[in-house]
Amino acid sequence: MGSPMNNVNLAALALRARLVLTRAGAPACIAIALCVAAAAAWAWLLPQRAAQAQLMARPLPTPASLVTAPPPPSANQNLAGFYEVLGEKRYAEQQVKVLFDLAAKNNLTLSQGEYKAGYDKASRVSTYQIILPVKGPYQSIWQFAMQSLRDMPFASLDEIGFRREAIAETTVEARLRFTLYLKDGEP
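The rules behind each value
Residues numbered from 1 in each chain as written. Predicted model: local features only at pLDDT ≥ 70, side-chain atom pairs only at ≥ 80, totals over all residues. Heavy atoms only, no water. Helix = DSSP H or I, 4+ residues; strand = E, 2+ residues; numbered from the N terminus. Buried < 20%, exposed > 50% of the residue type's maximum accessible area, 1.4 Å probe, protein only. Core = buried A, V, L, I, M, F, W, Y, C linked by side-chain atoms within 4.5 Å. Contact = heavy atoms within 4.5 Å. Patch = residues over 30% accessible without salt bridge, like charges linked within 9 Å, V, L, I, M, F, W, Y side chains within 5 Å. Areas by Shrake-Rupley, 256 points an atom, 1.4 Å probe, with all protein chains shown as cover. Salt bridge = Lys/Arg side-chain N within 4 Å of Asp/Glu carboxyl O. Phe/Tyr/Trp six-rings, centres within 6.5 Å; stacked < 30°, edge-to-face > 60°. Axes fitted to C-alpha atoms, helices over the stretch in contact; angles between N-to-C directions. Left-handed = near helix turned anticlockwise from the far one by under 90°. Nonpolar A, V, L, I, M, F, W, Y, C, P; charged D, E, K, R; others polar. Disulfide = S-S within 2.5 Å. Expected span 1.5 Å × (residues − 1). Arc of directions from axis to C-beta.

S.K.: Please clarify how unusual backbone geometry should be interpreted in this entry.
M.R.: In terms of backbone geometry, most residues other than glycine have negative phi values and most peptide bonds are trans. Of note, N107 is a non-glycine position whose phi angle comes to about 60°, a positive value. Within the chain, R124 stands out as a residue other than glycine whose phi angle is a positive 55°. Topologically, R124 is positioned in the loop between β3 (114-120) and β4 (125-136). Look at R124 and you get exposed, because its relative accessible area is 53%.

Right, here's the structure in full:
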């Protein structure tokens, strides 16, 4: 343990420091505290700056060691990828059933839809437009639309319209227009 002499010296030293601070005033004490904090921050940041300088002094990797991106696909590869994703025309009615099942899964009331088949000679792609009037909560309608697009990557949601009879009503009427892009199923 410390001797009584050290305790007296510490008490006297603390008293002297308190008297000096009282005489200096609050603004001077704040200025001294800020100076001490700045010196401590500078002393802490100095080694950090040295480490950063060493990191910046390292040479950059040579181009041979860098990963190169694969070349972009050719037009023929893009076209083949496009036709790969298309649905098959012979299963168009089954895709409509998928939409009806998803609507039921999302607790939506689905009225009878309108269907229209088409064909684009230039791209050799069949289209199947489906207009579905549905009723249900707003969130459920959006979940149905997004799930439909996830389950059928060859479909597009071309139009969606909402209507509500009164502001307080939780049931929304929506009209969704999907287009299915289909190939004939021939290789």
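S.K.: Is there a simple way to think about the nonpolar core in this case?
M.R.: Across soluble globular proteins, nonpolar side chains show a tendency to be buried alongside one another. The biggest cluster of nonpolar side chains holds 23 residues, and the ones touching the most others in it are F144, L176 and L180. Counting only elements with at least two residues in this core, the list comes to α4 (92-105), β4, α5 (138-151) and β6 (172-183). It is β6 that contributes the most residues to this core, six residues altogether. When sequence neighbours within four positions are dropped, the list of residues in contact with L180 reads A92, Q95, S126, T127, Y128, I130, M152, F154 and A155.

S.K.: For this particular structure, what's the right way to read a nonpolar patch on the surface?
M.R.: Judged by side-chain polarity, L21, I32 and V36 come together as a nonpolar surface patch covering roughly 270 Å² of accessible area. For I32, a relative accessible area of 47% puts it in the partly exposed group.

S.K.: Explain the packing of aromatic side chains to me, please; I cannot follow it from the model alone.
M.R.: Each aromatic ring pair is described using two quantities: the centre-to-centre distance and the angle formed by the ring planes. If you walk through the whole model with that rule in mind, you get six aromatic pairs. Taken together, a centroid distance of 6.3 Å and an interplanar angle of 20° make the contact between Y115 and Y128 stacked. Note that Y115 is positioned in strand β3 and Y128 in strand β4, a separation of 13 residues in sequence. Ring geometry for W142 and F162: centres 5.9 Å apart, planes at 40°, overall tilted. Residue W142 is located in helix α5, and its partner F162 is located in strand β5 (residues 155-163); the two are separated by 20 residues in the primary sequence. Taking the relative accessible area as the measure of exposure, W142 reaches 27% and is therefore partly exposed.

S.K.: Is there a simple way to think about the packing of α4 against α5 in this case?
M.R.: When two helices pack together, you describe them by how their axes are tilted relative to each other and by the distance separating the axes. Running from N to C, α4 and α5 point in directions that differ by 140°, and their axes come no closer than 10 Å. Here α4 runs over α5; the crossing is right-handed. On α5, the residues touching L99, L102 and A103 of α4 are F144, Q147, S148 and D151. Within the contact of α4 with α5, the residues separate by chemical class into four nonpolar, two polar and one charged.

S.K.: Even after reading the chapter, I still don't get the state of the cysteines, so can you show me in this structure?
M.R.: Such a bond, covalent and formed between the sulfur atoms of two cysteines, is termed a disulfide. Under the criterion given, the structure shown has zero disulfides. Note on C29: no disulfide assigned, nearest cysteine sulfur contributed by C35 at a separation of 12 Å. Judged by its relative accessible area of 24%, C29 falls in the partly exposed class. Residue C35 is classed as exposed on the basis of its relative accessible area of 52%.

S.K.: Sorry if this is basic, but what is going on with α5 here?
M.R.: Since one α-helical turn is 3.6 residues long, residues separated by three or four positions face the same way. With 14 residues, α5 extends 20 Å from end C-alpha to end C-alpha; this agrees with the ideal 20 Å at 1.5 Å per step. Restricting attention to buried positions, one finds in α5 the residues S140, I141, F144, A145 and S148. Projected down its long axis, α5 carries its buried residues within an arc of 140°, all on one side. Of the residues in α5, the exposed ones pointing more than 90 degrees away from the buried face are Q139 and R150. On the buried face of α5, the contacting elements are α4, β4, β5 and β6.

S.K.: Explain the pattern of salt bridges to me, please; I cannot follow it from the model alone.
M.R.: Counted by the stated rule, this structure contains six salt bridges. With its nearest N and O atoms 3.5 Å apart, the salt bridge here joins R163 to E165. For R163, a relative accessible area of 47% gives the class partly exposed. Three or more residues joined by partner-sharing salt bridges are found here, namely E159, R175 and R177.

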